[in-house]
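# Topology and contacts: notes
Chain residues, written in single-letter form:
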Amino acid sequence: MKKIILFALILSYSYTLLSQTSLPSIELKNIDGEYIKIENTVEKDQVLVISLWATWCVPCINELDAIQEYYEDWQEETNFKLIAISIDNARTTSRVKPLVNGKEWEYEVLLDVNQDFKRALNANTVPYLVIVKNNKIVYSHSGYTPGSEIELYEKIKEIAQ
Amino acid sequence: MKKLKKLPNNFTMKKIILIALALFTFQAYSQEKNISGSFISNSQYYLDDNKTGDFNEDNRFRSNNYLKIDGNYNNFSIGIQLEGYAPQAILNYSPTFNKEIGLGNYYLNYKTKKLDITAGHFYEQFGNGLILRSWEDKELGINNALVGGRINYSPTKEIYLTALYGKQRAGFKLSDGEILGFNSEISLSDLFKLQKSTINFGFSAVSRIQEVENSVPEFTKNTNAYSGRLNISSGNIYSNIEYVLKNEDALVEFQNVKTDKLAEGNAFVFNTGYSKKGLGIDATFRRLENMNFFSDREQDGNVYNQQVVNYIPSLTKQHDYSLSNIYVYQAQPKLSFNPIGKAGEIGTQIDIYYNLKKGTLLGGKYGTKLALNYSTWYGLKANYDLVNRTYSSDFLGFGKKYFTDANIEIRKKWSKKWSSIITYTNLYYNKRYVEETVGEVNANIFILESTYKFSNKKSLRIEGQHLWTQDDKKNWWASTVELNLSPKVSFYATDMYNYGNELKKIHYYNFGGSYTKNNTRIALNYGRQRGGLLCVGGVCRVVPESTGFSLALNTSF
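Residues numbered from 1 in each chain as written. Chains lettered and ligands numbered in written order. Predicted model: local features only at pLDDT ≥ 70, side-chain atom pairs only at ≥ 80, totals over all residues.

Attention shifts here to the overall build of chain A. A tally of regular secondary structure across chain A gives five helices and eight strands. Shown N-terminal to C-terminal, the secondary structure of chain A runs as helices and strands in the order α-β-β-β-β-α-β-α-β-α-β-β-α. Counting every position in chain A, which comprises 161 residues, the buried fraction comes to 50%. Considering only residue pairs separated by 6 or more positions, chain A has 73% of its internal contacts joining residues 24 or more positions apart. (Helix = DSSP H or I, 4+ residues; strand = E, 2+ residues; numbered from the N terminus. Buried ≥ 20, exposed ≤ 12 C-beta atoms within 10 Å, placed from the backbone. Contact = placed C-beta atoms within 7 Å.)

Here it is, written out as structure tokens:
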């Protein structure tokens, strides 16, 4: 019982820490096998959306398909950027590149084959999405329901200002 | 014969408090917030069921809890994962996890531009994982993190080197075997300043060191494995090739390590693809021979997937629907003579993705997305000498057929409000060889999923599935209704029913709801789970049928 109380105490303490965290600095390979440092791909004050997804995750693909429909228009308006990080492991990672091209996604796609980035981000499930500005995580969200991309874009606009 | 180390309980407790204190002081000194973490809790309350039987084990209520906290300051980071299985871990988790609360993982890391040093627990994968992968999957009850030290060194941006030493986690204990590993990755295209193509070369070596009691005198305790890899990508075309060699190791039969029966292992993987906007093709050929690799030899083939050194997923489509997950292929890397001779597997998988453009006849107003998948897997063609426990195999010989499936998936948006996913699967599953039981299964599966959007916040998803087969448990149907009231609240009901089975017809029904706010999600479920293989990411474990309530909570901070 003592242990459970300690557990609860640590948990509640951790909750008092809720605020902005830095984006984990982990280099990931892109689908051509080159190492990419995420913070080097964005400009100052540019809003960056990172979506963790997998080829076997139906809601993840629904979300990225849905955003793709508006991506060009939204980018013109707010100059944000989306990086789709696949958490596919060795079983399905070879499927990422043909899927991305087959679907004509215009996102930059990176591979997190042993979930190092997912773990560092403390994401539990996919889809998991974070909004980053000047290397600080300002918003995070898990799950996707049809239409929630509209709510996401409202959030992006709010943060872009 | 168990040789696992056990730490005294109070020692771990002190360690937890110490690390927690260190973390908090750390936080107090740092200028900005540099602490993050997550909390996951999965609880079950098991009920008796007049259809599938009473719950006959200890503790109807069981709960798995994970609290992970990471902190960083300048170049240092530190972290812990506390795990609590109170009063006991959920059904079919390895008993090595049964502990009310314990320190699961801890690490200290120092990182600069070129150097990255970790002490404590770490996860690592060399190449595709064929000779080394340590990872965690809470749903499957796998955490084979290495405990020890690791150094990553990147002298230039073209060269990545890793050296590591450690023992794998086995629940709250450590494996008896030691692991020594080295990995290198060199970007030849950067080195030779190639503009239009990428060429990467990789080499890894892993040594597993474990004494075996009463071994024959000439037996060596080290087993070495080597992997060489080459990735080439140029324009629309890419190729990856990997060859793995595992030195002679003892044959293991039902936890018996036979140091006088030795065999070598090897693996060969070739993957190639072509992709451009609107079209992607990917094909993989893989051959595995005697590639089981465990930290502790005696654990070879254990049902909980504990202490596995390498990662050998089945290369088949990973399904998201319930009826597609009844006959799931599992990779067959193991050498065995009993009950049937098996030395490995050989086969291929092909994927094609195609986008029918908007405004064309088949594409319609919104375009249509096609995904085709085909895979076929055979045992190695080999002659087995069952008395002497030896065999000889052909490199390109196809033996018994284990599995084959063909899948077509069509994603179609009909209007602003309606969209559908249509899936058809034809499969063959050799139960006798894959599960080492009896029978073969030929089945067809058809699935229609449609989503109706009432508004940008509210939607309804309906799923109908049917599986036709004359074999095993005969025909099934399944359906799901999911109502998303808002991005925060959703409810669902599902049922699957093997109505074709004359012996035992059972409805596997589930009802539940979830509430999501930002990155916090709470889900409550009541229902009856189908027993059988639970597969996540190509790794499967057998779970019993069970009925009851489940509560899942997860959050990040």
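That was the structure; now back to the text.
Moving on, we get to the sheet that holds strand β1 (residues 21-22) of chain A. Residues and elements named next belong to chain A. Taken in spatial order, the eight strands of this open sheet run β1-β8-β7-β4-β5-β6-β2-β3, and their pairing is mixed. Edge positions in the sheet fall to β1 and β3 (35-36), since each of these pairs with one other strand and no more. For strand β7 (residues 128-133) and strand β8 (residues 136-142), the ladder comprises six bridges, and the chain directions are antiparallel. Within the sheet, the bridge partner assigned to Y128 lies in β8 and is S142. With respect to the sheet, helix α2 (residues 58-78) is in contact with β4 (47-53) and β5 (81-86), its orientation differing from that of β4 by roughly 170°. (Pairing = 2+ DSSP bridges. Axes fitted to C-alpha atoms, helices over the stretch in contact; angles between N-to-C directions.)

Judged by nonpolar contacts, the single largest core of 73 residues is most densely connected at V49, I50, W53, I83, I85 and V126 of chain A. No other element matches the six residues that β4 of chain A contributes to this core. Beyond its immediate stretch of four places on either side in the chain, I50 of chain A contacts I83, I85, L129, V130 and V132 of chain A. By size, the runner-up hydrophobic cluster in this structure holds 29 residues, among which are V252, W377, I447 and L467 of chain B. (Core = buried A, V, L, I, M, F, W, Y, C linked by C-beta atoms within 7 Å.)

The next thing to look at is the confidence of the model for chain A. Of the residues in chain A, 88% reach a pLDDT of 70 or more, and the chain-wide mean stands at 88. Summarising per-element confidence for chain A, the mean pLDDT is lowest in helix α1 (residues 2-15) of chain A (60) and highest in β5 of chain A (97). (pLDDT = per-residue confidence, 0-100.)

Turning next to unusual backbone geometry. The bulk of non-glycine residues show a negative phi, and the bulk of peptide bonds are trans. At the junction of V126 of chain A and P127 of chain A, the peptide bond is cis and its omega measures out at 0° in the coordinates. With respect to the secondary-structure elements, P127 of chain A resides in the loop between α4 (116-120) and β7. Omega for the bond connecting N338 of chain B with P339 of chain B falls within 30 degrees of zero, at 5°, which places this linkage in the cis form. Counting through the fold element by element, P339 of chain B comes out in the loop between β18 (279-289) and β19 (344-356).

Let's shift gears to the pairing of strand β20 (residues 368-385) of chain B. All names here are of chain B. The pairing of β19 with β20 spans twelve bridges and is classified as antiparallel. In the sheet register, L356 faces β20, and the bridge partner there is T368. Of the pairings in the sheet, the one linking β20 to strand β21 (residues 390-413) comprises 16 bridges and is antiparallel in character. Bridge pairing in β21 links L372 to I408.

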